[in-house]
Amino acid sequence: MYMSQSSNTAFTCTAQWKMWLTQVFCVIYFTAVCAAEDPQDEPPVPSLQLQSTWLDVFPSEKVEFRCDVAGSSDWSFTWKQNQGQVEASDPNVSLFKDGSILTVTAADPNYSGSYSCKGQHKTQGNYTADSEPLQLTVHPNKPRPTMSQKPNFNKMFPGESVTFTCKVDGSYGWEYLWFHDGKEIYASSSYTINSVGHPNKGQYRCQAKRGKIPFYSEKSTPTVLQVSDPPTPSLKLQTSWLDVFEEENVAFSCEVGISDWTFTWYRNEEKLQDDSALTIDDEGTLLNITLVNKAHEGVYACKAYLEARNVNSGFSNTAAVTVYDNTPKPTLHKVPVFNRMYVGETVNFTCIVDVSSGWEYQWYKDGGDLPATSKSNAIRLDRSNAGKYSCMATRGKSMSTDVSEEMQLDVLEIPVPSLKQMTPWLDVFPEESVQLKCEMDQHTGWTYTWSRDEREVKADSVVSFDLSGSLLSIKSASAAHKGQYKCKGHLKERSVSSNSSSGLTLKVYDEKPSVTLMQDPDYKVMFPGESVSFSCHTNVASGWELMWYKDEKELSGSKTRYQIIPVSTENAGSYKCRAKRGTAEVFHSDYSQTIQLQVKENKPKPLMTQQPIVDKVYVGESVSFECKVELSSGWEYVWYKNEEELIRSSRFTINATLSDKGVYKCNAVRNKKLNTEFSDNRTLLISEIPVPLAQLKTSWLDVFPTESVKLSCGMNGSSDWMYTWYKDKQKVQPAKTTHLDSDGTLSIVSTSVSHRGRYSCSAKLKNRSVDSSRSSELTLNVYERPQANIILLTGWSEVFSTDSLVLKCGVQDSLDTWNYTWFKEDKPINHPPSEKHIVTPQDNPEQSQYTCQGIRDGRPSYSKTSQHFMTKNLLLKRRVLLSISGCIFFGIIAVFLGCIILRVFRKPADDDDRPEEADLFFSMPQLKGADVPNTLVDYITDATLNASSKEVEENGTLCSETTPLPISSQEDQDVKTESHDTAKNNGGLVSFMQ
């Protein structure tokens, strides 16, 4: 009994120890699981750091903040500005994928404020406290540096030194760039030119920059550096002459046109020494030689000196002073030397002074003054010029010569010959004789020449002259002798010729004279108030009486002219005339031609035309106006602009300027008496040639390949222009992907990198030579599309909680928000766009290749397609490896702990006190000999042990061959792949990406 009780007690203790060991194992397991979680202590405070350089920035500068939690990277972050949430959708804000880096583009002052961050644990979900804030200040405008010049003279002289300084107030970290006439020349806060030269002149500006990706300020206000040579002094003679007599005065001035200069005087290139006759004013500008003597003779010059800047000029122009000591007497000469001169001849008196210059001359005739003051006195003679002539030279107020000797001049009139008709008729018929006489009354020594119609008449077999040529005889007249005859007298051995005598016209007829009717003025149409006269002419001018007719009725009067003053409508009709002569026997000529006189009652209205016929012209365009009265002739046209007379002409052309715009009209004037009506007004509008406007018709100038772009070129909505496009200043030609429309639209159907460049356009007015300048340029940029990539999200820890793979698509190096389209074997998967795609054994039994593409509403609207991703049995591999590893690990831990506990708590019993242990096993003879219950069977079926087993089952299953493994992260799928591939590749490592 005792043995039985002892055995039962020992067995019960052993069972309880096993149950307790099982409970300890479970506690250790769950403690290990829970130990993986972070303790819920005080929330950490993230560290906020400024990654960029400055917290006071200007528009378009970028500011980068970094937020992190010390010792851990399992955090994602959110940001606040002035306690308000920073939105990732803001185009001027970009966040790193876990939010740890915030980049703010300072577009305007609204981005100023206090920035802070806060973290959230990626797996546990707990939050950190807010970080310490950083204050960001965004200035509204780019800074403009202040540029100064020292010394600040308007003009610099060669060899001087000048320093420019550039500074940006209120901020720091700037580097400075210098520009000379638009070209960068230097980089420093100041720029010094130690020795200024002419190449240094021009416009200087500076500009500030800062940052690794440089941010540039505005350029400073330009400063113009003018460099010029020191002025050359101008030496001027203040008195009248340089060649002087002793004790006369000579004065010079030296000028540079600028104040603050002093002057030094030189004679024969040597500096003037002190002299009582020399006086120089305080500034040295005036040199006065009061009493000239021979010692003052020489070449004078001056130099200028600017003491404040230590600048010397070169020598001025020079002046040579000559000094004489004797007073001269003039000599009088006359050309020609004849004592008796004729009216019309020219005599030239010359008064000669042998020395010095600057003389003024006084001329005398018969002791009286003449107005001439020059050295020579040329006189075109008439009778009043006869007399005695002399001269004297003067200079200044006190210097004069003696009077020259007198010279006598006699002047006679040139007589005019008289021409007389010695025969009775000057209009004769053939073979009649004619004699003409030319004479000079009471003068001898003359010979005569004859002319017919201004041509010299020479003697021949028919024409003869007497000895002096005064008598002209024509023995037998013919048509060759007709014309106007004149004669001239010539004085022998002198170039004195008389004027031509009055003319006598000889007419020689060979048939009946004709009569010509002429109208003056010869207008086809007359208007009331005008005057008209008719004249009747015959080819025989002597002895004729004229007869006038209107509408075949004879009019009163026999004068050579028939006048109508003024004309009225009653005077309209047909006019003609004829001639008669003789009394005993009247001879009549034929009738003249008929002239029809038209008289219109109403004044005409001129027609004004303009070429080109447009309402508006452009500056530089040629515009022609013409005014015309279709009726009659003889009109003078008067143009008016804005009611003011402009020009008198039937036609005029202007090259249009803005001042030519206005209202134009014209009228016609005839004989200063008749004015027509005004033409219709014509308003001329003149505009500057507009510059075409190049605009983007599509949404962006920053595009991606295959996107389309449309650029428009317009001239204020007008359709009268033709357009030409240029890319990088080269004319754009139509091509497969480039179309040019007549309305000025340039369409690029599918962009490529070759379309990148600067585009501008110009316009030409249709049918007119008007060309515009080129528009401002539009820069088209063509960027490569971003690359999409696939990553596997299913981790090792998830192998027991899922049976699927999670693929994630991302766009490389992009902070924009994307949706994604998935492809299986390059065919779209019919699912809504998503960043993630789950692959299960049901929908992927063949283990296919997957690709993805980023899409979004913004630009670019889609990315490049990712590389192919091959799914294999990664999940099973990960589960098997993780399960085996877990069981081995926790088995070792359990055995180790059990051994320690048994070692510590179980004491060995004395041999006497130790209960006899029941044999749990029977020997083979015992088993054969009796039906004894097996102690091992009892142990296994012990109720207490069974109860403990149930308790273990209630507390959780440890391990079983039939227990399914929980699915963990997506990485477990990789384990399956690795396990499979390891076996396949003899234990080698392979990539999960296939």
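Along each chain, the written sequence defines residue order, and numbers are assigned to residues from 1. Restriction of local features to residues with pLDDT of at least 70 applies here, the model being predicted, together with a cutoff of 80 or more for giving and counting side-chain atom pairs; totals for whole chains, interfaces and linings are based on all residues. The basis for every side-chain value is the complete set of heavy atoms in the structure, and neither hydrogens nor water enter the calculation.

Colleague: It is not clear to me how the overall build of the protein should be interpreted in this structure. Could you clarify?
Modeller: Helix numbering and strand numbering both begin at the N terminus, where a helix is a DSSP run of H or I of at least 4 residues and a strand a DSSP run of E of at least 2. For the protein, the count of helices and strands is six helices and 81 strands. Only protein chains enter the calculation, and the probe is 1.4 Å; a residue is then buried if its accessible area is under 20% of its type maximum, exposed if over 50%, and partly exposed in between. Here the protein holds 994 residues, and the buried ones make up 37% of them. The long-range fraction of contacts in the protein, counting pairs at least 24 apart against all pairs at least 6 apart in sequence, stands at 62%. The Shrake-Rupley method, run with a 1.4 Å probe, gives the accessible areas here. Residue values count only the displayed protein chains as cover. A total accessible area of about 58,100 Å² is found for the protein, and carbon and sulfur atoms account for 50% of it. Should any heavy atoms of two residues lie within 4.5 Å, those residues are considered in contact.

Colleague: How should the confidence of the model for the protein be read in this particular structure?
Modeller: One rule of thumb: low pLDDT means the predicted coordinates there are not for detailed reading. The quantity called pLDDT is the predictor's confidence in a given residue, expressed from 0 to 100. Chain-level statistics for the protein give a pLDDT mean of 81 and a share of 84% at 70 or above. Confidence drops under pLDDT 50 across residues 1–7; counting only partners more than four residues distant or on other chains, this segment forms four contacts. The model gives residues 917–925 a pLDDT under 50, and that stretch makes eleven contacts with residues more than four places away or in other chains.

Colleague: Is there a simple way to think about a nonpolar patch on the surface in this case?
Modeller: The patch calculation keeps residues exceeding 30% relative accessible area without a salt bridge and links them within 9 Å when they carry like charges or within 5 Å when they are nonpolar (Val, Leu, Ile, Met, Phe, Trp, Tyr). A side-chain nitrogen of Lys or Arg and a carboxyl oxygen of Asp or Glu constitute a salt bridge if their distance falls within 4 Å. Side chains of Val880, Ile884, Ile888 and Ile892 sit close together on the surface and give an oily, nonpolar patch of about 360 Å² of accessible area. Locating Ile892 in the fold gives a position in helix α2 (residues 874–905). Judged by relative accessible area, Ile892 falls into the exposed class, the value being 54%.

Colleague: Explain the side chain of His755 here, please?
Modeller: Checked against the element boundaries, His755 lands in the loop between β71 (745–748) and β72 (757–765). Not counting the four nearest positions on each side in its chain, His755 is found in contact with Lys727, Thr737, Thr738, Ile748, Ser750 and Leu780.

Colleague: Help me understand the sheet that holds strand β47 (residues 515–520), please; the structure alone is not making it clear to me.
Modeller: Pairing between the strands of a sheet comes from backbone hydrogen bonds, and it takes one of two forms, parallel or antiparallel. At least two bridges found by DSSP between two strands are what make those strands a pair. Strand order in the open sheet made by the three strands is β47-β49-β52, with antiparallel pairing throughout. Strands with a single pairing partner mark the edges of an open sheet, and in this sheet they are β47 and β52 (561–564). Adjacent strand axes in the sheet meet at a mean angle of 15° when their direction is disregarded. Alignment of strand β49 (residues 532–538) against β52, held across four bridges, turns out to be antiparallel. Axis definition: a line fitted to C-alpha atoms, limited for helices to the stretch in contact. Angles are taken between N-to-C directions and run from 0 to 180 degrees.

Colleague: It is not clear to me how the layout of surface pockets should be interpreted in this structure. Could you clarify?
Modeller: Where empty space is left can be seen by rolling a probe of water-molecule size over the atoms. Of the grid points, spaced at 1 Å and generated over the protein atoms alone, those admitting a 1.4 Å probe that cannot get out make up cavities, while open sets with protein on both sides within 12 Å along at least five of seven lines make up pockets; any residue with an atom within 4 Å of a point is treated as lining. Grid points are joined across faces, edges and corners, and a volume is the space filled by probe spheres set on the points. Its volume calculated, the largest pocket comes out at about 1,300 Å³. Surrounding the largest pocket, 34 residues form its lining, Leu95, Lys97, Ser814, Leu815 and Asp816 being those nearest its centre. Contributions of two or more residues to the lining of the largest pocket are made by β4 (75–81), β6 (93–95), β7 (101–105), β74 (788–792) and β76 (805–811). The element best represented in the lining of the largest pocket is β76, accounting for four residues.

Colleague: Mind showing me how you'd approach the pattern of salt bridges here?
Modeller: For side chains of opposite charge, pairing can occur when their charged atoms come near one another. Under the defined criterion, the tally for this structure stands at 31 salt bridges. A salt bridge links Arg648 to Glu636, with the nearest nitrogen and oxygen atoms 3.5 Å apart. With Arg648 in strand β60 (residues 644–648) and Glu636 in strand β59 (residues 636–641), this residue pair connects regions lying twelve residues apart in the sequence.

Colleague: Sorry, what's going on with the nonpolar core here?
Modeller: Note on soluble globular proteins: their nonpolar side chains tend to be buried together. By size, the foremost hydrophobic cluster in this structure holds 24 residues, and its most contacted members are Phe252, Trp261 and Trp265. Counting only elements with at least two residues in this core, the list comes to β21 (250–255), β22 (262–267), β25 (286–289), β26 (298–306) and β28 (319–324). Looking at this core element by element, the count peaks at four residues for β26. Not counting residues within four places of it along the chain, the set of residues in contact with Phe252 comprises Leu235, Lys236, Leu237, Gln238, Leu242, Trp265, Thr285, Leu286, Leu287, Tyr300, Ala319 and Val321. Buried Ala, Val, Leu, Ile, Met, Phe, Trp, Tyr and Cys residues form a nonpolar core when they are joined through side-chain atoms within 4.5 Å.

Colleague: Just checking my understanding: could you explain the sheet that holds strand β12 (residues 162–167) for this structure?
Modeller: Strand order in the open sheet made by the three strands is β10-β12-β15, with antiparallel pairing throughout. Of all the strands in the sheet, just β10 (146–150) and β15 (190–193) have a single pairing partner and so form its edges. Neighbouring strand axes in the sheet, compared pairwise and without regard to direction, differ in orientation by 15° on average. Here β10 runs beside β12; their pairing, made up of five bridges, is antiparallel.

Colleague: Teacher, can you tell me more about unusual backbone geometry here?
Modeller: The general pattern is negative phi for most residues beyond glycine and trans for most peptide bonds. Cis geometry is found at the peptide bond from Ile565 to Pro566, where omega equals -10°. The peptide bond linking Arg859 to Pro860 adopts the cis configuration, its omega dihedral lying at -5°. Position of Pro860 among the secondary structure elements: in the loop between β80 (849–855) and β81 (869–870). Notably, Asp453 is not glycine yet its phi reads approximately 50°, a positive angle. The topology assignment puts Asp453 in the loop between β41 (446–452) and β42 (455–456).

Colleague: What am I meant to see in the pairing of strand β18 (residues 223–227) here?
Modeller: For a regular strand, the rule is simple: side chains alternate between the two faces of the sheet. Judged by which residues are buried, β18 turns out to be one-sided: Thr223, Leu225 and Val227 face inward and are buried, whereas Val224 and Gln226, on the alternate face, are not. Two elements, strand β11 (residues 155–156) and β18, share two bridges in a ladder whose sense is parallel. Residue Lys155 lies in a different strand from β18, and its bridge partner there is Gln226. Bridge count between strand β16 (residues 202–210) and β18: three bridges; the pairing is antiparallel. Paired with Gln203 across the two strands is Val224, which belongs to β18.

Colleague: What is the right way to read the state of the cysteines from this model?
Modeller: Covalent bonding between the sulfur atoms of two cysteines is what defines a disulfide. Cysteine sulfur atoms are paired as a disulfide whenever they fall within 2.5 Å. Enumeration over the complete set of coordinates arrives at nine disulfides. Here Cys536 connects covalently by a disulfide to Cys577, the sulfurs 1.8 Å from one another. Taking the sign of the S-S torsion, 80° for the link of Cys536 and Cys577, the bridge is right-handed. On the criterion of sequence distance, the pair formed by Cys536 in strand β49 and Cys577 in strand β53 (residues 573–581) is long-range, its members being 41 residues apart. The exposure class assigned to Cys536 is buried, which follows from its relative accessible area of 5%. Between the sulfur of Cys627 and that of Cys666 lies a disulfide, 2.0 Å long from S to S. Since a negative S-S torsion denotes a left-handed disulfide, the Cys627-Cys666 link at about 80° is right-handed. Pair noted here: Cys627 is in strand β58 (residues 622–628) and Cys666 is in strand β62 (residues 662–670), with a separation of 39 residues, a long-range link. As far as burial versus exposure is concerned, Cys627 and Cys666 are alike and both buried.

Colleague: Could you clarify how one ought to interpret the packing of aromatic side chains in this entry?
Modeller: The relative placement of two aromatic rings is captured by the distance of their centres and the angle of their planes. Under the pairing criterion, centres of Phe, Tyr and Trp rings, with the six-membered ring standing for Trp, must be within 6.5 Å; the plane angle then separates stacked pairs below 30 degrees from edge-to-face pairs above 60, leaving the rest tilted. One pass over the structure, following the stated rule, counts 32 aromatic pairs. Between Phe252 and Tyr300, the aromatic rings sit 5.4 Å apart at their centres with planes inclined by 25°, giving stacked as the arrangement. One end of the pair, Phe252, is in strand β21; the other, Tyr300, is in strand β26, and 48 residues separate them in sequence. The same class applies to Phe252 and to Tyr300, which are both buried. For the pair Phe625 and Tyr664, a centre-to-centre distance of 4.9 Å together with 15° between the ring planes defines the contact as stacked. Here the residue Phe625 occupies a position in strand β58, and Tyr664 occupies one in strand β62, the gap between them amounting to 39 residues.

Colleague: Sorry if this is basic, but what is going on with the environment of Ser76 here?
Modeller: Mapped onto the secondary structure, Ser76 falls in strand β4. When its relative accessible area of 26% is taken as the criterion, Ser76 is described as partly exposed. With 46 residues separating them along the chain, Ser76 and Lys122 place their C-alpha atoms 6.3 Å apart. Excluding anything up to four places from it in sequence, Ser76 contacts Asp98, Lys118, Gly119, Gln120 and Lys122.

Colleague: Would you mind going over the pairing of strand β44 (residues 471–474) with me for this structure?
Modeller: Here strand β40 (residues 434–439) pairs with β44 via four bridges, running antiparallel. Across the sheet, residue Leu436 finds its bridge partner in β44, namely Leu472.

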